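Inside the fold
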Amino acid sequence: MMRKVRENVIYSEEFRKVVLQAYPDEPKIKELLDANAYFLGRYLDDGCCGSGMVSVSAEEIITARGLGQQAEFCEALFERANKEKLRSLAYKMWGKQWFED
């Protein structure tokens, strides 16, 4: 099924805030956002895992425990989870900006 694409999309302020929060140091994303570019969706899709999962290597877990840095590790995991959630939200919002369904 083909999705109906909106014409002359101008990104909403709410969407702009979420994207800039999710990607504060990504000049290409900001450039595409400022241009109201459709291709921004490709970058947003690539930037999130989409599953809502955050991966952690076994080495990171072992190192954190061995160094007695469990609290720092948990904080880092929390930050990764928040970042992933925000990036997933940005991509979801992008679809609502561009498609009529």
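Here's a quick rundown of the structure. (Residues numbered from 1 in each chain as written. Predicted model: local features only at pLDDT ≥ 70, side-chain atom pairs only at ≥ 80, totals over all residues. Heavy atoms only, no water.)

**Side note on the packing of helix 4 (residues 58–66) against helix 5 (residues 70–98)**
Put simply, the rule reads: Think of each axis as a best-fit line through the C-alpha atoms, taken over the contacting stretch in the case of a helix, with angles from 0 to 180 degrees between the N-to-C directions. Starting at the N terminus, helices and strands are each numbered in turn, a helix being any DSSP run of H or I of at least four residues and a strand any DSSP run of E of at least two. For this analysis, residues touch if any pair of their heavy atoms sits within 4.5 Å. Any residue that is not Ala, Val, Leu, Ile, Met, Phe, Trp, Tyr, Cys, Pro, Asp, Glu, Lys or Arg is counted as polar, Gly included; the first ten are nonpolar and the last four charged.
At a minimum axis distance of 8 Å, the contact between helix 4 and helix 5 shows a crossing angle of 145 degrees. Seen from helix 4, the contacting residues are Glu60, Ile61, Ala64 and Arg65; seen from helix 5, they are Gln70, Phe73 and Arg80. Classifying every residue of the contact of helix 4 with helix 5 gives 3 nonpolar, 1 polar and 3 charged.

**With respect to the nonpolar core**
Side chains that are nonpolar tend, in soluble globular proteins, to be buried together. For clarity, the threshold we go by: As used in this record, nonpolar core signifies buried Ala, Val, Leu, Ile, Met, Phe, Trp, Tyr and Cys residues forming a set joined through side-chain atoms within 4.5 Å. Per-residue accessibility, obtained with a 1.4 Å probe over protein chains only, is compared with the maximum for each type, and a residue is labelled buried under 20%, exposed over 50%, and partly exposed between these values.
Ranked by size, the top nonpolar core spans 18 residues in total, and within it Tyr11, Phe15, Val19, Leu40, Leu44 and Trp94 carry the most contacts. Of all elements in the fold, only helix 1 (13–22), helix 2 (27–34), helix 3 (40–47) and helix 5 reach the threshold of two or more residues within this core. Excluding residues within four positions of it along the chain, Leu40 makes contact with Tyr11, Phe15, Ile29, Leu32, Leu33 and Trp94.

**Examining helix 1**
Stated precisely, the cut-off is as follows: The arc under discussion is defined with respect to the helix axis, by the directions toward the C-beta atoms.
Restricting attention to buried positions, one finds in helix 1 the residues Phe15, Arg16, Val18, Val19 and Ala22. Down the axis of helix 1, the smallest arc covering the buried residues is 165 degrees, so these residues share one side. Among the exposed residues of helix 1, those pointing more than 90 degrees away from its buried face are Glu13, Glu14, Lys17 and Gln21. Structurally, helix 1 contributes buried residues whose contacts are with helix 2, helix 3 and helix 5.

In short, geometric facts, not functional conclusions.
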